[in-house]
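# Observations on the three-dimensional arrangement
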Amino acid sequence: KAGVTQTPRYLIKTRGQQVTLSCSPISGHRSVSWYQQTPGQGLQFLFEYFSETQRNKGNFPGRFSGRQFSNSRSEMNVSTLELGDSALYLCASSRRDRGIYEQYFGPGTRLTVT
Amino acid sequence: AQSVTQLDSQVPVFEEAPVELRCNYSSSVSVYLFWYVQYPNQGLQLLLKYLSGSTLVKGINGFEAEFNKSQTSFHLRKPSVHISDTAEYFCAVETSYDKVIFGPGTSLSVIP
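An account of the accompanying structure is given in this report. (Residues numbered from 1 in each chain as written. Chains lettered and ligands numbered in written order. Predicted model: local features only at pLDDT ≥ 70, side-chain atom pairs only at ≥ 80, totals over all residues. Heavy atoms only, no water.)

### Description of the pairing of strand β8 (residues 74–78) of chain A
All names here are of chain A. This is how the line gets drawn: Under the scheme applied here, a residue whose accessible area is under 20% of the maximum for its type counts as buried, over 50% as exposed, and between as partly exposed, the area being computed with a 1.4 Å probe on protein chains only. Working definition: helices are DSSP H or I runs of at least four residues, strands are E runs of at least two. Numbering for both runs from the N terminus. If DSSP finds at least two bridges between two strands, the strands pair.
Burial runs high along β8: 5 of the 5 residues are buried. Side-chain alternation along β8 places Ser74, Met76 and Val78 on one buried face and Glu75 and Asn77 on a second face that is also buried. The pairing of strand β3 (residues 19–24) with β8 spans 5 bridges and is classified as antiparallel. The residue bridging cysteine 23 from the neighbouring strand is serine 74, located in β8.

### Some remarks on the interface of chain B and chain A
Defined as follows: The contact criterion used throughout is that any non-hydrogen atoms of two residues lie within 4.5 Å. By convention in these notes, a salt bridge is any Lys or Arg side-chain nitrogen within 4 Å of a carboxyl oxygen on Asp or Glu. Residue polarity follows a fixed list, in which Ala, Val, Leu, Ile, Met, Phe, Trp, Tyr, Cys and Pro are nonpolar, Asp, Glu, Lys and Arg are charged, and the others, Gly among them, are polar.
On the chain A side, the residues contacting the 19 residues of chain B number 20 residues. There are 1 salt bridge connecting chain B and chain A. One salt bridge in this structure joins arginine 96 of chain A and glutamate 94 of chain B, with 2.9 Å as the shortest N-O distance. Looking at the side of chain B that touches chain A, the elements with two or more residues in it are β5 (32–38), β6 (44–50), β10 (87–96) and β11 (99–102) of chain B. When residues of the side of chain B that touches chain A are assigned to their parent elements, the largest contribution, 4 residues, is made by β5 of chain B. Its residues placed into classes, the side of chain B that touches chain A shows 10 nonpolar, 5 polar and 4 charged.

### With respect to the nonpolar core
Using the following cut-off: For the purposes of this section, nonpolar cores are sets of buried Ala, Val, Leu, Ile, Met, Phe, Trp, Tyr and Cys residues that join through side-chain atoms within 4.5 Å.
Grouped together as the largest cluster of nonpolar side chains are 28 residues, with contacts concentrated most on Leu33, Trp35, Leu47, Leu48, Phe74, Leu76 and Tyr89 of chain B. For this core, the secondary-structure elements that each account for two or more residues are β2 (10–14), β3 (19–21), β5, β6, β8 (64–68), β9 (73–78), β10 and β12 (106–111) of chain B. Broken down by element, the residue count for this core peaks at 4 residues, all from β10 of chain B. Those residues in contact with leucine 33 of chain B, other than ones at most four positions away along the chain, are Tyr25, Leu48, Lys49, Tyr50, Phe67, Phe74, Ala92 and Val93 of chain B. Within the second largest apolar cluster, 21 residues are counted, among which are Val32, Tyr49, Met76 and Val78 of chain A.

### Topic: the sheet that holds β3 of chain A
All names here are of chain A. Note the following rule: To obtain each axis, a line is fitted to C-alpha atoms, and for helices this fit is confined to the stretch in contact; angles are then taken between N-to-C directions over 0 to 180 degrees.
Read from one edge to the other, the open sheet built from 4 strands follows the order β1-β3-β8-β7, with strand pairing classed as antiparallel. Each edge of the open sheet is held by one strand with a lone partner, namely β1 (5–7) and β7 (64–68). Within this sheet the neighbouring strands show an average axis-to-axis angle of 15°, counted without direction.

### Considerations on the pattern of salt bridges
On inspection of all chains with the given rule, the structure shows 11 salt bridges over all chains. Close ionic contact of glutamate 82 of chain A with arginine 63 of chain A constitutes a salt bridge, the shortest N to O distance being 3.6 Å. Taken together, the residues glutamate 82 of chain A in the loop between β8 and β9 (87–97) and arginine 63 of chain A in the loop between β6 (53–57) and β7 connect sequence positions 19 residues apart. By relative accessible area, which is 42% here, glutamate 82 of chain A ends up partly exposed. Overall, the relative accessible area of 16% leaves arginine 63 of chain A in the buried class. The salt bridge involving arginine 77 of chain B is made with glutamate 66 of chain B; its shortest N-O contact spans 3.1 Å. With arginine 77 of chain B in strand β9 and glutamate 66 of chain B in strand β8, this residue pair connects regions lying 11 residues apart in the sequence. Salt bridges linked by common partners bring Arg63, Glu82 and Asp85 of chain A together as one network.

### A short note on the layout of surface pockets
How we decide: Of the two site types, the cavity is a set of points on a 1 Å grid over the protein atoms alone where a 1.4 Å probe fits but cannot get out, and the pocket is an open set with protein on both sides within 12 Å along at least five of seven lines, each lined by residues with an atom within 4 Å of a point. Grid points are joined across faces, edges and corners, and a volume is the space filled by probe spheres set on the points.
By volume, the largest pocket is sized at about 400 Å³. Lining the largest pocket are 23 residues, with Gln37, Thr38, Leu88 and Arg110 of chain A together with Gln38 of chain B sitting closest to its centre. The set of elements that each furnish at least two residues to the lining of the largest pocket consists of β4 (31–38), β5 (42–50) and β11 (109–113) of chain A together with β10 of chain B. Partitioning the lining of the largest pocket into residue classes produces 10 nonpolar, 10 polar and 3 charged. The wall of the second largest pocket is formed by 19 residues, among which Gln103 and Tyr104 of chain A together with Leu44, Gln45 and Leu46 of chain B lie closest to the centre. For the lining of the second largest pocket, the elements supplying multiple residues, two or more each, are β10 (100–105) of chain A together with β6 of chain B. The residue inventory of the lining of the second largest pocket, partitioned by class, reads 11 nonpolar, 6 polar and 2 charged.

Printed below as a string of structure tokens:
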């Protein structure tokens, strides 16, 4: 089965702009989580969506937002970009029910803010 | 608040030698525990997980980990490493709804 897809893989933006990243989960997975990875802060949880509802949120400013569509695809948006937003953004799709636990990460989107 | 500590930021080890990567966590509630591996310029891959049951968990690529509740530890071990095991390893805990807290990572370097 196809893996988690993230688009685009690489992105260069300037300060003040906004950006939208996309994540397509594995078929049958209804939960999508987003993470930011930087050399200084490591891996940090952004938010998690399940059936179009945000169930959990990390400690990031309101400039970071997300949504999930009825087909479980998810997008995250960062407005008014800052240099510190340069990072690898990872999404993960997961499924847990009837004793099954599956989680897979996508390859990430590398965002560079100049 | 939950936190994860990985005591060693870098671990060099010779090929075919055993390795242990240490992980300790703090949490006042029950947690799920995970180890992930990240190869250069790639996303994360789940190595193994502890949800409940047996405290010794076996994962992919010959790795295993032992959950020790009294010591709040979840150390990762492999009896004989290979060059291809060179990567960054992350320990993580989850307390609710896929909110995963990651440790800072341990860089494993396998020396031929």
